[in-house]
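The primary structure of each chain is shown beneath.
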Amino acid sequence: MAVATLMTKPVSVSVSTSQSTYRPLKKKPLPAGQPREWYVSHNRRLKAMRLAIALLDSGVYHPATADNRKIRATAESIGVHPPSDTTCRMVRALIRYGR
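Residues numbered from 1 in each chain as written. Predicted model: local features only at pLDDT ≥ 70, side-chain atom pairs only at ≥ 80, totals over all residues. Heavy atoms only, no water.

Moving on, we come to the nonpolar core. A48, L51, A52, L55, V60, A66, I71, A75, C88, M90, V91 and I95 form the largest nonpolar core, which has 12 residues in total. Of all the secondary structure elements, the ones that give two or more residues to this core are α1 (36–57), α2 (68–78) and α3 (85–97). What A66 contacts, discounting residues up to four positions off in sequence, is L55, V60, I71, R92 and I95. (Core = buried A, V, L, I, M, F, W, Y, C linked by side-chain atoms within 4.5 Å. Buried < 20%, exposed > 50% of the residue type's maximum accessible area, 1.4 Å probe, protein only. Helix = DSSP H or I, 4+ residues; strand = E, 2+ residues; numbered from the N terminus. Contact = heavy atoms within 4.5 Å.)

This part takes up the environment of R72. Along the chain, the position of R72 falls in helix α2. Between the alpha carbons of R72 and S84 there is a distance of 8.8 Å; along the sequence they are 12 residues apart. For R72, the side chain forms a polar contact with the main-chain oxygen of P83, separated by 2.9 Å. (Polar contact = N/O pair within 3.5 Å; in protein donor to acceptor, adjacent residues only side chain to side chain.)

Interpretation note: all reported values are geometric properties and have no functional meaning in isolation.
Here it is, written out as structure tokens:
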């Protein structure tokens, strides 16, 4: 599996003491000419990262407690399509190796 690289520079954000302003990076289209499986795996990794972050924010810190049912319930609560079994395994791997 290919390794993802950062393609854009981070946006400098000015932080005031009273409130912080957050500006997300400007979205760019994916590069053309890649095989279909590249796009599928890229989107699967993005979805797994979103789900892993949501699970960590909700207090799930161990992959053993993140079963498929909990991951799919989290996907429903954050508004993404239910993940496949492969994506659920990727979510558990991200939680495991992110420690």
